[in-house]
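Descriptive structure summary
If you want the building blocks of each chain, they are given just below.
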Amino acid sequence: MGDPRLRATLCGYGHRQAGQALLAAVELYRRWSAADEAPVERRRHAEELAVRYLLDDVAERSAGAGR
């Protein structure tokens, strides 16, 4: 049936689903680039800021959906 971690990157049209799929993609990227020692320069600070923004945005919109 395939890797469930890869399937987690698929989503519907909802904002929350899209955010969760993006976070799953980030996790796979981190896992694969660490395991393969990818020949790309990682800018960890920028990555942290982008992921924090995504987490905050998904949480904010999820909280607003219950109103």
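The rules behind these values
Residues numbered from 1 in each chain as written. Predicted model: local features only at pLDDT ≥ 70, side-chain atom pairs only at ≥ 80, totals over all residues. Heavy atoms only, no water. Helix = DSSP H or I, 4+ residues; strand = E, 2+ residues; numbered from the N terminus. Contact = heavy atoms within 4.5 Å. Buried < 20%, exposed > 50% of the residue type's maximum accessible area, 1.4 Å probe, protein only. pLDDT = per-residue confidence, 0-100. Salt bridge = Lys/Arg side-chain N within 4 Å of Asp/Glu carboxyl O.

What the protein contains, in helices and strands, is three helices and zero strands. Counting from the amino terminus, helix and strand elements in the protein follow one another as α-α-α.

Turning our eyes to something else, we now look at the environment of Ala-8. You can see Ala-8 is positioned in the loop between α1 (4-7) and α2 (15-36). For the pair formed by Ala-8 and Leu-28, sequence separation is 20 residues and the distance between their alpha carbons is 9.8 Å. Non-local contacts of Ala-8, meaning those with residues more than four positions away in its chain, are made with Gln-20, Ala-21 and Ala-24.

So, on to the side chain of Glu-47. Looking at the secondary structure, you find Glu-47 in helix α3 (residues 44-65). The exposure class of Glu-47 is buried, given its relative accessible area of 16%. In this structure Glu-47 touches Tyr-29, Arg-30 and Arg-42, once residues within four positions along its chain are discounted.

So, on to the confidence of the model for the protein. Summarising the model, the protein shows a mean pLDDT of 84, and 90% of its residues fall at 70 or more. The lowest-confidence element of the protein is α2, averaging 86 in pLDDT; the highest-confidence one is α1, averaging 89.

Here the focus is the environment of Leu-22. Structurally, Leu-22 can be placed in helix α2. The class of Leu-22 is partly exposed, set by a relative accessible area of 48%.

Before going further, it helps to spend a moment on the pattern of salt bridges. Summed over all chains, the structure comprises three salt bridges. Put simply, Arg-5 and Asp-3 hold a salt bridge, and the shortest N to O gap is 3.0 Å. Look at Arg-5 and you get partly exposed, because its relative accessible area is 40%. The exposure class assigned to Asp-3 is partly exposed, which follows from its relative accessible area of 29%. For Glu-27, the salt bridge is made with Arg-31, and the minimal N-O distance between the two is 3.8 Å. One end of the pair is Glu-27 and the other is Arg-31, both in helix α2 and four residues apart, which spans about a single turn. Residue classification places Glu-27 among the partly exposed residues on the basis of a relative accessible area of 41%. You can call Arg-31 partly exposed: its relative accessible area is 39%.

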